[in-house]
Number of protein chains: 2
Amino acid sequence: MISKKCTYALKAVLALTRREGSGPMTIQQIAELQDIPPRFLEAILRDLKQNGFTESIRGKEGGYVLSRPAREISLGEIIRCVEGPWFSPSGDADVFTTVWEEAENALNKVMDETDFQSLLRKEDELRRAAVPDYSI
Amino acid sequence: MISKKCTYALKAVLALTRREGSGPMTIQQIAELQDIPPRFLEAILRDLKQNGFTESIRGKEGGYVLSRPAREISLGEIIRCVEGPWFSPSGDADVFTTVWEEAENALNKVMDETDFQSLLRKEDELRRAAVPDYSI
DNA sequence: ACAAACCCTACTAAATCAATAGGGATACTG
DNA sequence: CAGTATCCCTATTGATTTAGTAGGGTTTGT
């Protein structure tokens, strides 16, 4: 299962993706936009920063930005950063070990095929579908 | 991650696989063989029974047996029975939904490719590798 | 100097997981 | 038909993890 912390992280990165190139976004802004407890989000963003996904600007007019283009950040990278491996190596090898490894690989493959730029596009499509534009 | 409960279930089914065709195996026997807390194992085996994977014989000389040939029971079936879906449908559809679905499918595919008979074979191979037989 | 922002450590509350307890029902066996 | 070995059921407890909060500290632009 995907934890709340992890979905918060994904939503935060998606929010930063939307703002890409338009200056930093504060914790408060992200928290309100995505409905995330601000103090919790703070910890998450620091974590992402320490792992090289975001950068922070302190002081007034500060906030967070992505440290790489959203096109080059995959869903899998963020999830692994927040959650660690799905099937952690369980002590010593037994009959299940190779299956867990195969599962881990299959999962990473799926998660690494999607980057945040395409997620942003998808979000826009979903919005257009939900709030149709009736103009000519 | 795979829970302890789930690995206990898998080990129990593997033990029953080894005993296939040679009468029932008691909770105590399985618990000792696989190092599982017996009262906990009891609950797990009842769960597997209610989902049609095992059958129980009560009274003296009783115990548990597989209700289907081990060849036809996949790792995935047992895991789903004990753990439920990996990526549960999170309320309403968002940009991540389709990725979670793809991940779920990829995972099930891997887990369903392995049945317990082949796991038993693999276990035997591992044992031979660990305790080599030097006879001619 | 001040205020707006990020930074750090520690703590608490709630949920889940792991395991245990105490009996009850069933069936073979002598 | 008494006794014992077995599975069956519900509730409770203790440990661990997750989710979130608190209280302060540091940096920076104006």
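Described in the following lines is the structure provided in the data block.

Procedures and definitions
Once a new chain begins, its residue numbering starts again from 1 and follows that chain's sequence as written. Here chains are named by letter from A upward and ligands by number from 1 upward, in the order in which they appear as written. Two thresholds apply to this predicted model, a pLDDT of at least 70 for residue-level local features and 80 or more for giving and counting side-chain atom pairs, whereas whole-chain, interface and lining totals are computed over all residues. To get the side-chain values, take all heavy atoms of the structure and skip hydrogens and water. Labels follow the DSSP assignment, with helices taken as runs of H or I lasting at least four residues and strands as runs of E lasting at least two, numbered in each case from the N terminus. Between buried and exposed lies partly exposed: a residue is buried under 20% and exposed over 50% of the maximum accessible area for its type, with that area taken using a 1.4 Å probe on protein chains only. Contact criterion: two residues are considered in contact whenever any of their non-hydrogen atoms come within 4.5 Å of each other. Surface accessibility in these figures is a Shrake-Rupley result with a 1.4 Å probe; residues are shielded only by whichever protein chains are displayed. Note that His is not counted, nor are the chain ends; the positive residues are Lys and Arg, and the negative ones are Asp and Glu. To locate a charge, the coordinates of NZ of Lys, CZ of Arg, CG of Asp or CD of Glu are taken. By convention in this text, a residue qualifies as near a molecule or strand provided that one of its non-hydrogen atoms is within 4 Å of it. Pairs of N or O atoms are called polar contacts if they sit within 3.5 Å, as long as, within protein, a hydrogen donor faces a hydrogen acceptor (for residues adjacent in sequence, only side-chain-to-side-chain pairs). Accessible area that two parts lose when put together, with a 1.4 Å probe and added across both, is what the buried area reports. Counted as salt bridges are all cases of a side-chain nitrogen of Lys or Arg within 4 Å of a carboxyl oxygen of Asp or Glu. Under the scheme applied here, ten amino acids are nonpolar (Ala, Val, Leu, Ile, Met, Phe, Trp, Tyr, Cys and Pro), four are charged (Asp, Glu, Lys and Arg), and all others, including Gly, are polar. When the copies are superposed, the least-squares fit takes in the C-alpha atoms of residues with a pLDDT of at least 70 in both. Between rings of Phe, Tyr and Trp, where Trp is taken as its six-membered ring, a pair exists when centres lie within 6.5 Å; planes separated by under 30 degrees are stacked, by over 60 edge-to-face, and by other angles tilted. By definition, disulfides here are pairs of cysteine sulfur atoms that lie within 2.5 Å. Interaxial angles span 0 to 180 degrees and are taken between N-to-C directions of axes, which are lines fitted to C-alpha atoms, for helices over the stretch in contact. Oblique is the label for any angle not covered by the other classes, which are roughly parallel (under 35 degrees), roughly antiparallel (over 145) and roughly perpendicular (65 to 115).

Examining the overall build of chain A
Helix and strand counts for chain A come out as 6 helices and 2 strands. In sequence order, the secondary structure elements of chain A are arranged as α-α-α-β-β-α-α-α. When the backbone C-alpha atoms are referred to their principal axes, chain A occupies close to 60 × 45 × 25 Å. Counting all 136 residues of chain A, 40% fall into the buried class. Counting contacts in chain A only where the partners sit at least 6 residues apart, residues at least 24 apart contribute 64% of the total. Accessible surface for chain A amounts to roughly 7900 Å². Of this, 50% is attributable to carbon and sulfur atoms. Measuring between centres, the 18 positive side-chain charges of chain A sit 7 Å from its 22 negative side-chain charges.

Looking at the protein's contact with DNA strand D
The full set close to DNA strand D counts 25 residues, and A:Arg39, A:Arg58, B:Lys49, B:Ser56 and B:Tyr64 are the nearest of them. Within the backbone of B:Ile27, a nitrogen or oxygen atom sits 3.0 Å from a phosphate oxygen of DNA strand D. Contributions of two or more residues to the surface near DNA strand D are made by α1 (4-18) and α3 (38-50) of chain A together with α3 (38-50), β1 (54-57) and β2 (63-66) of chain B. Ranked by the residues each element gives to the surface near DNA strand D, the list is headed by α3(B), at 5 residues.

As for the interface of chain B and chain A
Each partner contributes to the interface: chain B provides 27 residues, whereas chain A provides 27 residues. Taken together, the two surfaces of chain B and chain A that pack against each other cover about 2400 Å², and 81% of this comes from carbon and sulfur. One can count 0 salt bridges joining chain B with chain A. The interface formed by chain B and chain A includes 4 residue pairs in polar contact (both at pLDDT 80 or more). Within the residue set of the side of chain B that touches chain A, elements represented by two or more residues are α1 (4-18), α4 (75-83), α5 (97-112) and α6 (116-130) of chain B. With 9 residues, α5(B) is the largest single contributor of residues to the side of chain B that touches chain A.

Section: the protein's contact with DNA strand C
The environment of DNA strand C is formed by 24 residues, the closest being A:Lys49, A:Arg58, A:Tyr64, B:Arg39 and B:Arg58. Among the atoms of DNA strand C lying within 4 Å of the protein, the sugar-phosphate backbone contributes 68%. Interatomic distance of 2.6 Å between a side-chain N/O atom of A:Ser56 and a phosphate oxygen of DNA strand C. Interatomic distance of 2.4 Å between a side-chain N/O atom of A:Tyr64 and a phosphate oxygen of DNA strand C. Where the surface near DNA strand C is concerned, the elements lending two or more residues are α3, β1 (54-57) and β2 (63-66) of chain A together with α1 and α3 of chain B. The dominant element in the surface near DNA strand C, judged by the number of residues it contributes, is α3(A), at 4 residues. Class assignment of the residues belonging to the surface near DNA strand C gives a composition of 6 nonpolar, 7 polar and 11 charged.

Re the relation of the copies chain B and chain A
Take chain B, turn it by 180 degrees, move it 0.0 Å along the axis, and it overlays chain A with an RMSD of 0.0 Å. Within this description, the copies of the chain are treated as partners about a two-fold rotation axis. Of the residues that chain B buries at the interface, 100% are likewise interface residues in chain A, meaning the two copies contact each other through the same surface.

Observations regarding the packing of aromatic side chains
Counted by the stated rule, this structure contains 8 aromatic pairs over all chains. Plain terms: the ring middles of A:Phe87 and A:Trp100 are 5.7 Å apart, the flat faces sit at 15 degrees to each other, and that makes the pair stacked. Of the two residues, A:Phe87 is situated in the loop between α4 (75-83) and α5 (97-112) and A:Trp100 in helix α5; the sequence distance between them amounts to 13 residues. Judged on exposure class, the residue A:Phe87 and its partner A:Trp100 are both buried. On the basis of an interplanar angle of 65 degrees and a centroid distance of 5.7 Å, the ring pair of A:Phe87 and B:Trp86 is categorised as edge-to-face. One end of the pair, A:Phe87, is in the loop between α4 and α5; the other, B:Trp86, is in the loop between α4 and α5, on a second chain. With a relative accessible area of 9%, B:Trp86 lands in the buried category. An aromatic cluster is built from A:Trp86, B:Phe87, B:Phe96 and B:Trp100, whose rings are joined through pairwise contacts.

Notes on the state of the cysteines
Evaluation of the coordinates by the stated rule reveals 0 disulfides over all chains. Residue A:Cys81 stays outside any disulfide, its sulfur separated by 9.1 Å from that of A:Cys6, the closest cysteine.

Some points on the packing of α1(B) against α6(B)
Describing two packed helices takes the angle between their axes plus the distance from one axis to the other. Residues and elements named next belong to chain B. Following both chains from N to C, one finds α1 and α6 inclined at 85 degrees, their axes separated by 9 Å at the closest point. The angle between α1 and α6 places the two elements in the roughly perpendicular class. In this structure, α1 contributes Leu10, Val13, Leu14, Thr17 and Arg18 to the contact, and α6 contributes Phe116, Gln117, Leu119, Leu120, Glu123, Asp124 and Arg127. Each residue belonging to the contact of α1 with α6 can be placed in one class, and the counts come to 6 nonpolar, 2 polar and 4 charged.

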